[in-house]
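These are the residues of each chain, in order.
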Amino acid sequence: MIKRIAPDKWKHFFVGILMGAVLQVAAQVVFPGRTSMATLAAFTMVVAISYGFELLSLITGRGHYDIMDAVASIIGGLAGMLLGLGIYRWQFQF
């Protein structure tokens, strides 16, 4: 019943965490005091980057196109966005 998650999906997940954290902090700096707008901008960028790389590999024929890689990156990006929001609040808003 329970499927094991492939090791390459974990790589995408962890890269998504880093990407989400960096994009969330950058969006908070660009939109100070507007957390919802910064979160929406960061999430849009996470989805665009995650799916964009998969689409690029489909179009160019280089790499392996797998939509689940993009899903793993997006899920990791959401976790990273929470981490990035916490880092921003801790660092800049006492």
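These numbers were taken from a predicted model, which means no experiment stands behind them.

1. What about the overall build of the protein?
A count of helices and strands for the protein gives 3 helices and 0 strands. For the protein, the succession of helices and strands along the chain, N to C, is α-α-α. A principal-axis box enclosing the C-alpha atoms of the protein has dimensions of 45 × 35 × 20 Å. In the protein, which comprises 94 residues, the share counted as buried stands at 29%. Contacts in the protein between residues far apart in sequence, at least 24 positions, make up 66% of those at least 6 positions apart. When the accessible surface of the protein is summed, it comes to about 6500 Å², and 74% of that surface belongs to carbon and sulfur atoms.

2. Quick notes on the packing of aromatic side chains
A full pass over the atoms with the stated rule returns 4 aromatic pairs. Judged by centre distance (5.8 Å) and plane angle (90°), the rings of W10 and F13 are edge-to-face. With W10 and F13 both in helix α1 (residues 7-30) and 3 residues apart, this pair spans about one turn of that helix. Owing to a relative accessible area of 38%, W10 belongs among the partly exposed residues under this scheme. For the ring pair W10 and F14, a centre distance of 6.0 Å and an interplane angle of 25° mean the geometry is stacked. In this pair, W10 and F14 are both assigned in helix α1, 4 residues apart and thus about one turn of the helix distant.

3. Structural notes on the layout of surface pockets
Remark: the empty space left among the atoms is shown by a probe the size of a water molecule rolled over them. Taken as a whole, the largest pocket spans an internal volume of roughly 240 Å³. Lining of the largest pocket is provided by K3, R4, I5, A6, K9, W10, F13, M68, V71, A72 and I75. When residues of the lining of the largest pocket are traced back to their parent elements, those giving at least two are α1 and α3 (67-92). With 4 residues, α3 is the largest single contributor of residues to the lining of the largest pocket.

4. Here's the deal with the nonpolar core
Among the nonpolar cores identified, the biggest contains 8 residues, and these are M19, L23, A27, A38, A42, V46, I74 and M81. Apart from residues no more than four positions distant in its own chain, M19 is found in contact with V46, I49 and S50.

5. Re the packing of helix α2 (residues 35-60) against α3
Interhelical geometry of α2 versus α3 gives an angle of 150° and a closest axis separation of 9 Å. The angle between the axes of α2 and α3 places the two elements in the roughly antiparallel class. Judged by the sense of rotation from one axis to the other, the crossing of α2 with α3 is right-handed. Contacts from T35, T39, A42, F43, V46, V47, S50, Y51 and E54 in α2 reach I67, D69, A70, S73, I74, G77, L78, M81, L85 and R89 in α3. Considering only residue class, the contact of α2 with α3 consists of 11 nonpolar, 5 polar and 3 charged.

Cut-off values and rules
Residues numbered from 1 in each chain as written. Predicted model: local features only at pLDDT ≥ 70, side-chain atom pairs only at ≥ 80, totals over all residues. Heavy atoms only, no water. Helix = DSSP H or I, 4+ residues; strand = E, 2+ residues; numbered from the N terminus. Buried < 20%, exposed > 50% of the residue type's maximum accessible area, 1.4 Å probe, protein only. Contact = heavy atoms within 4.5 Å. Areas by Shrake-Rupley, 256 points an atom, 1.4 Å probe, with all protein chains shown as cover. Phe/Tyr/Trp six-rings, centres within 6.5 Å; stacked < 30°, edge-to-face > 60°. 1 Å grid on protein atoms, 1.4 Å probe; cavity = no way out; pocket = protein on both sides within 12 Å on 5 of 7 lines; lining within 4 Å. Points joined across faces, edges and corners; volume = space filled by probe spheres on them. Core = buried A, V, L, I, M, F, W, Y, C linked by side-chain atoms within 4.5 Å. Axes fitted to C-alpha atoms, helices over the stretch in contact; angles between N-to-C directions. Parallel < 35°, antiparallel > 145°, perpendicular 65-115°, else oblique. Left-handed = near helix turned anticlockwise from the far one by under 90°. Nonpolar A, V, L, I, M, F, W, Y, C, P; charged D, E, K, R; others polar.

Shape descriptors only; they carry no functional weight alone.
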